[in-house]
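Tertiary structure, described
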Amino acid sequence: MGWRSVVISQHAKMSYSSRNMIVQTMDGINQVPIEDIDLLLVSTTQAVITTALISELVKSQVKIIFTDNANEPVCETVGYYPNSRDVDLIKKQFCWDEKRQQFLWTRIVVSKIVNQVNVLSIYGVENSDLIAELDKLEIDDVTNREAVVARKYFPLLFDNKFSRRDFSPVNAALNYGYSILLSNVNREIVSNGYLTYLGIHHHSNDNQFNLGSDLMEPFRPVIDYWLANQNFKELTPDVKFGLVDLLNLEMKFNGKEMLFRNIISEHVRNCLKYLSGETDEIQIEVELKNEVPNNAINGNV
């Protein structure tokens with residue numbers, strides 16, 4: 001597994017040669033060892049990539065994400081035949097115990113709300129209303145406390161007129177960050193031999209990443225945590241790079257100091273083991289640094 005996130009944001013040609021990704025731009029030619037790459041984000045429609053490179057990246061379980069003219073992520077690669085694909089695992093997934101699914105979703109929602117509360121606390125925002133919603137949470141979140149909290153949380157974090165339905169730069173950045181997060185969760189699901197289609201809470205026929213949409217939820221507040229301290233007027237390359245670089249953010253997960261990208265890997269493995277009955281306990285405790293994050297972009301972007 002690689003460790004570098006590579007972002008292509010200008011006119012370029014990407015090709016393959018001797019286990020290297022070759023990137024040709026107006027500034028010259030660069031080589032990046034494929035084994036070093038964790039994520040390739042093609043954040044421009046002015047880039048060309050060869051099928052040979054795509055093939056080698058997918059074989060190495062590198063996630064490739066492409067954006068459209070509006071710089072919104074529109075698709076990602078999902079390898080058909082990861083090395084760990086096992087028919088027995090797929091059979092297990094189809095037969096996951098319903099009570100385990102319900103319990104895990106409950107823990108995921110609890111963790112997400114706790115993290116939202118903590119983000120507000122870090123920014124000095126009153127959060128007692130959100131804490132009160134935790135007491136109303138039931139198994140499988142049948143009363144949909146997750147949605148109730150979200151409607152209260154975003155106006156508190158950004159401003160009281162904020163809506164997730166607006167076509168604002170903040171929403172564009174949130175969507176971009178969530179897409180990066182979802183892609184990394186999907187990659188871990190596939191690399192562990194499971195299908196992304198079969199979720200434990202999300203069951204949309206139009207969503208091929210139902211399980212990823214479930215397992216990513218506790219970490220959405222990490223994206224919010226960083227964006228709430230940024231000052232920008234549009235989704236620029238600097239903002240996008242900052243969101244990708246969040247994968248290198250250091251946090252505590254289940255009591256251990258880890259990088260965000262490694263936390264995602266461990267979280268997905270833990271959830272899959274629990275759902276498949278390999279363990280009877282599941283822990284999802286994320287601890288952000290109790291301080292406002294440093295700005296990673298210029299204030300006048």
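All of the points below concern the structure found in this document. As the structure is a computational prediction, the values presented were derived from the model and not from experiment. (Residues numbered from 1 in each chain as written. Predicted model: local features only at pLDDT ≥ 70, side-chain atom pairs only at ≥ 80, totals over all residues. Heavy atoms only, no water.)

Moving on, we come to the sheet that holds strand S2 (residues 12-17). Strand order in this open sheet of 4 strands is S4-S3-S2-S6, and the pairing throughout is mixed. Bordering the open sheet on either side are strand S4 (28-33) and strand S6 (47-49), each of which pairs with just one other strand. In this sheet, neighbouring strand axes are inclined to one another by 20° on average, regardless of whether the strands run parallel or antiparallel. (Pairing = 2+ DSSP bridges. Helix = DSSP H or I, 4+ residues; strand = E, 2+ residues; numbered from the N terminus. Axes fitted to C-alpha atoms, helices over the stretch in contact; angles between N-to-C directions.)

Before going further, it helps to examine the sheet that holds strand S9 (residues 250-253). Strand order in the open sheet formed by 3 strands is S10-S9-S11, with antiparallel pairing between adjacent strands. Of all the strands in the sheet, the pair left with one neighbour each is strand S10 (256-259) and strand S11 (286-287). Inspection of the sheet shows S9 paired to S10 by 4 bridges, in the antiparallel sense. Across the sheet, the residue bridging to Met 251 is Met 258, located in S10.

Within the largest apolar cluster, 65 residues are counted, with the highest numbers of intra-cluster contacts made by Leu 104, Leu 215, Leu 227 and Leu 243. With 10 residues, helix H6 (residues 169-191) is the single largest residue contributor to this core. Grouped together as the second largest cluster of nonpolar side chains are 16 residues, Ile 37, Val 42, Ile 64 and Phe 66 included. (Core = buried A, V, L, I, M, F, W, Y, C linked by side-chain atoms within 4.5 Å. Buried < 20%, exposed > 50% of the residue type's maximum accessible area, 1.4 Å probe, protein only.)

Applying the stated criterion across every chain, the model contains 0 disulfides. Its sulfur unpaired, Cys 95 is 19 Å from the next cysteine sulfur, which belongs to Cys 271. (Disulfide = S-S within 2.5 Å.)

Let us look at empty space enclosed by the protein. Scanning the model with the defined rule gives 1 cavity of 30 Å³ or more in all. Computed from the structure, the largest cavity encloses a volume of approximately 30 Å³. Forming the boundary of the largest cavity are Gly 177, Ile 180, Leu 181, Ile 223, Leu 243, Leu 246, Leu 247 and Phe 260. A per-element tally of the lining of the largest cavity places H6 first, with 3 residues. Residues that form the lining of the largest cavity fall into these classes: 7 nonpolar, 1 polar and no charged. (1 Å grid on protein atoms, 1.4 Å probe; cavity = no way out; pocket = protein on both sides within 12 Å on 5 of 7 lines; lining within 4 Å. Points joined across faces, edges and corners; volume = space filled by probe spheres on them. Nonpolar A, V, L, I, M, F, W, Y, C, P; charged D, E, K, R; others polar.)

Here we come to helix H3 (residues 98-122). Over its 25 residues, H3 extends 36 Å from the first C-alpha to the last, a length consistent with the 36 Å expected when each residue adds 1.5 Å. Where H3 begins, one side-chain oxygen reaches toward the backbone nitrogen of Lys 99, 3.1 Å away; that side chain belongs to Asp 97. Once H3 finishes, Gly 124 follows within two positions and takes phi at roughly 70°, a positive value. (Expected span 1.5 Å × (residues − 1). Polar contact = N/O pair within 3.5 Å; in protein donor to acceptor, adjacent residues only side chain to side chain.)

Time to look at the layout of surface pockets. By volume, the largest pocket amounts to about 320 Å³. Looking at the lining of the largest pocket, the elements with two or more residues in it are H3 and helix H5 (145-157).

Any two side chains of opposite charge can pair, so long as their charged atoms come close to each other. On inspection of all chains with the given rule, the structure shows 15 salt bridges. Of the charged contacts, one joins Arg 19 and Glu 56 as a salt bridge, the two residues approaching to 3.2 Å between their closest N and O atoms. Of the two residues, Arg 19 is situated in the loop between S2 and strand S3 (20-25) and Glu 56 in helix H1 (residues 51-59); the sequence distance between them amounts to 37 residues. For Arg 187, the salt bridge identified is with Asp 38, shortest N-O distance 3.0 Å. Here Arg 187, found in helix H6, pairs with Asp 38, found in strand S5 (residues 37-42); they are 149 residues apart in sequence, far enough to count as distant. Accessibility assignment for this pair places Arg 187 and Asp 38 in one class, buried. (Salt bridge = Lys/Arg side-chain N within 4 Å of Asp/Glu carboxyl O.)

Looking now at the packing of H3 against H5. Where H3 contacts H5, the axes come no closer than 11 Å and their chain directions differ by 15°. Considering the angle they form, H3 stands roughly parallel to H5. Two packed elements cross with a definite hand, and for H3 against H5 that hand is left-handed. Listed contacts from H5 to Trp 105, Val 109, Lys 112, Ile 113, Gln 116, Val 119 and Leu 120 of H3 are Arg 145, Glu 146, Val 149, Tyr 153, Leu 156 and Leu 157. When its residues are assigned to classes, the contact of H3 with H5 shows 9 nonpolar, 1 polar and 3 charged. (Parallel < 35°, antiparallel > 145°, perpendicular 65-115°, else oblique. Left-handed = near helix turned anticlockwise from the far one by under 90°. Contact = heavy atoms within 4.5 Å.)

For the rest of this paragraph, the subject is the side chain of Arg 261. Within the secondary structure, Arg 261 is located in helix H10 (residues 260-275). Apart from residues lying up to four places away in sequence, Arg 261 is in contact with Trp 3, Ser 5, Asp 38, Leu 247 and Asn 248.

Between H3 and helix H8 (residues 220-227), the least distance of the axes is 9 Å, while the angle of their chain directions is 15°. In terms of orientation, H3 lies roughly parallel with respect to H8. Crossing angle aside, the handedness with which H3 passes H8 is right-handed. Where H3 approaches H8, its residues Lys 112, Asn 115, Gln 116, Val 119 and Ile 122 are matched on the opposing element by Arg 220, Pro 221 and Tyr 225. Looking at the contact of H3 with H8, its residues break down into 4 nonpolar, 2 polar and 2 charged.

A word on the packing of aromatic side chains. Two descriptors summarise a pair of aromatic rings, namely the distance from one centre to the other and the angle between the planes of the rings. Counted according to the given criterion, the structure contains 8 aromatic pairs. On the basis of an interplanar angle of 5° and a centroid distance of 6.5 Å, the ring pair of Phe 154 and Phe 158 is categorised as stacked. Taking relative accessible area as the criterion, Phe 154 reaches 9% and is therefore assigned buried. Judged by its relative accessible area of 21%, Phe 158 is partly exposed. Between Phe 158 and Phe 162, the aromatic rings sit 4.9 Å apart at their centres with planes inclined by 35°, giving tilted as the arrangement. Among the residues examined, Phe 162 registers a relative accessible area of 12% and is labelled buried. Members of the aromatic cluster, each reached through a chain of ring pairs, are Tyr 153, Phe 154, Phe 158 and Phe 162. In this structure, Arg 100 packs its charged tip against the face of Tyr 274, placed 4.7 Å from the ring centre. If you follow Arg 164 out to its NZ or CZ, it ends over the ring of Phe 154, 5.7 Å from the centre. (Phe/Tyr/Trp six-rings, centres within 6.5 Å; stacked < 30°, edge-to-face > 60°. Lys NZ or Arg CZ within 6 Å of the ring centre and 35° of its normal.)

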